[in-house]
Amino acid sequence: MDNQYEYREAGVLSVEETLGIDREKSREAEKELSGLFGMEDMVEEQRAAVEMLVSTDSHIREYVHYYRKNKDRERVEKIYALKISILDNMAKRFHPFSRYGKKQLAAAADCRREFEKIIGPMISPVTKNNVDLFKTVLSVDLYEDILSGRRSALGALRTRNGNVYGVGAIAWYIDMDPFLNKPILRIDWLFVNEEFRERSVADFLMGELLAQLIQSGVENISAEFPGNAEGKEILAYFFGTWQFELGSGLSPEAVIRVGDITERKRISALSRGSEPLANFLETEKVRFIRHALGRLDYDGYLKEVPGEYIDKELSFYAGSRTDIRALLLAHRTASGMLRVEYLASAPEREKFLPCLIWAFIDSAIRSGDENTELMIPVEAEELGEILDKFCRLQLGQYLLSGTLNPPLREMDFDEDDIEKLLEATE
């Protein structure tokens, strides 16, 4: 955790700076590559992929027959995984949200379902019932987030020496895009076990997620990862191949180290007007939280989390038990971070939010050591300015981000368009 954040005063990095790439050399490489790789190269790759797909299809029945005699899952799994990989690459080559791309993604999902009908699962939603199977490909906080319902995830299953393992996971949550005012799926975790890399597991997970997204009707998708994430260059390349437009920025959450907080006595005074959930008995706390969330029109994962998930020593409300004006719910994560899970007020009661934030910070100062980190969502500019007054050395997490937008109309190829491209270059 110590290396995840940088002081916000450092400013915003470009994509090249986030990746540690020399900008001038990057431009020269792009210029050189643009002359080497164009539509003709894409068409040739597509032609080779079509031939490989035909060859793979011709052998699948043979492999299935072998499985039924020998029960060798790994051998037949590999040929199905190969076919899915070919289809995924066809989809992303001409854009996964093009008419052609959507058809190939659907075909890849059909191929996976065919394998599962004959043999067994290749992919699974990660739930509290099977999360331990994917423990090696999840962070400790993400493991907890999946148990609580804060994050959704898909896990890939692969075979080695007769045993099936959870070898990769992709995690996300659904949010409302403040600019489009539409739901957006935000990916914030993608990891494959080192022993199963270079087997197209990441592409498999992305293809499955996009296929499900298309069926759900959600049209917007983004990805965000820490700028110093392990293998960030590979992540950037990976999302680039799936046609994500890459960018960079700072996380919208304020991240504060307890040791950097100043004017602590004043913070304690500013917290007046807040009421701690610590005054509740445990059963009372659970009932109050559910009541408060209902009054504030919340409909999310917090309605279902176990009572102990919300740390009552770090959570506060304004108003009374029957007249809730504002609410702050906090959680101590498995890694030790103190994270505000929910911060909201009743209509026209926004003035009560600052005292809840100060109460949370004051409680964190008293309960954590100097290196404890706090994470607070800052959706309103006014809240950011308030925090800046007493926490000038806020930590800002640099992000590598990507957005998958629909293709331009002239690039929205369908199957006939691809066939014409292949015929034109024969």
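What counts and what doesn't
- Residues numbered from 1 in each chain as written.
- Predicted model: local features only at pLDDT ≥ 70, side-chain atom pairs only at ≥ 80, totals over all residues.
- Heavy atoms only, no water.
- Pairing = 2+ DSSP bridges.
- Helix = DSSP H or I, 4+ residues; strand = E, 2+ residues; numbered from the N terminus.
- Axes fitted to C-alpha atoms, helices over the stretch in contact; angles between N-to-C directions.
- Contact = heavy atoms within 4.5 Å.
- Salt bridge = Lys/Arg side-chain N within 4 Å of Asp/Glu carboxyl O.
- Buried < 20%, exposed > 50% of the residue type's maximum accessible area, 1.4 Å probe, protein only.
- Parallel < 35°, antiparallel > 145°, perpendicular 65-115°, else oblique.
- Left-handed = near helix turned anticlockwise from the far one by under 90°.
- Nonpolar A, V, L, I, M, F, W, Y, C, P; charged D, E, K, R; others polar.
- Expected span 1.5 Å × (residues − 1).
- Polar contact = N/O pair within 3.5 Å; in protein donor to acceptor, adjacent residues only side chain to side chain.

Caption draft 1: Layout of the sheet that holds strand 5 (residues 182–192). Taken in spatial order, the seven strands line up as 2-3-4-5-6-15-7 in an open sheet, and their pairing is mixed. Both outer strands of the open sheet, strand 2 (123–125) and strand 7 (245–250), are each paired with one neighbouring strand and no more. Taking the axes of each pair of neighbouring strands and ignoring which way they run, one obtains an average angle of 30 degrees across the sheet. Inspection of the sheet shows strand 7 paired to strand 15 (residues 398–404) by six bridges, in the antiparallel sense. The residue of strand 15 that forms the bridge with Glu245 is Thr403. Running at roughly 125 degrees to strand 3 (residues 152–160), helix 4 (residues 73–93) makes contact with strand 3 and strand 4 (163–177) of the sheet.

Caption draft 2: Fine view of the pattern of salt bridges. Considering all chains together, one arrives at 30 salt bridges under this definition. With its nearest N and O atoms 3.6 Å apart, the salt bridge here joins Asp412 to Arg99. Separated by 313 residues along the polypeptide, Asp412 in the loop between strand 15 and helix 13 (415–424) and Arg99 in helix 5 (residues 99–118) bring together distant segments of the chain. What makes Arg99 partly exposed here is its relative accessible area of 46%. Of the charged contacts in the structure, one is a salt bridge between Glu282 and Lys285, with a shortest N-O distance of 2.9 Å. Of this pair, Glu282 and Lys285 are both found in helix 10 (residues 282–295), three residues apart, which corresponds to roughly one turn of the helix. When its relative accessible area of 36% is taken as the criterion, Glu282 is described as partly exposed.

Caption draft 3: Representation of the packing of helix 5 against helix 7 (residues 201–216) in the model. Direction vectors running N to C along helix 5 and helix 7 enclose 110 degrees, while the axes themselves pass 9 Å from each other. Between helix 5 and helix 7, the interaxial angle falls into the category roughly perpendicular. Between helix 5 and helix 7 lies a crossing whose hand is left-handed. Listed contacts from helix 7 to Lys102, Leu105, Ala109 and Arg112 of helix 5 are Phe204, Gly207, Glu208, Leu210, Ala211 and Ile214. Residue composition of the contact of helix 5 with helix 7, grouped by class: six nonpolar, one polar and three charged.

Caption draft 4: View of helix 5. With 20 residues, helix 5 extends 29 Å between its outermost C-alpha atoms, agreeing within 8% with the 28 Å of an ideal straight helix rising 1.5 Å per residue. Tyr100, Gly101, Gln104, Leu105, Ala108, Ala109, Cys111, Arg112 and Phe115 are the residues of helix 5 that are buried.

Caption draft 5: Just the packing of helix 3 (residues 39–70) against helix 13, in detail. Running from N to C, helix 3 and helix 13 cross one another at 105 degrees; their axes reach a closest spacing of 10 Å. Classified by the angle their axes make, helix 3 and helix 13 are roughly perpendicular. Mapping the contact onto sequence places Met39, Val43, Gln46, Arg47 and Val50 in helix 3 and Ile418, Leu421 and Leu422 in helix 13. In terms of residue class, the contact of helix 3 with helix 13 is built from six nonpolar, one polar and one charged.

Caption draft 6: Spatial organisation of unusual backbone geometry. The backbone phi angle of Glu198 is positive, close to 65 degrees, even though this residue is not glycine. As for its placement among the helices and strands, Glu198 is situated in the loop between strand 5 and helix 7. Non-glycine residue Glu263 carries a positive phi angle of around 50 degrees. As for its position among the elements, Glu263 is in the loop between strand 8 (253–257) and helix 9 (264–270). Look at Glu263 and you get partly exposed, because its relative accessible area is 42%.

Caption draft 7: View of the side chain of Lys92. Along the chain, Lys92 turns up in helix 4. Taking the relative accessible area as the measure of exposure, Lys92 reaches 9% and is therefore buried. Polar contacts involving the side chain of Lys92 include one to the side chain of Asp203, which spans 3.0 Å. Side-chain polar atoms of Lys92 contact the side chain of Thr241, separated by 3.4 Å.

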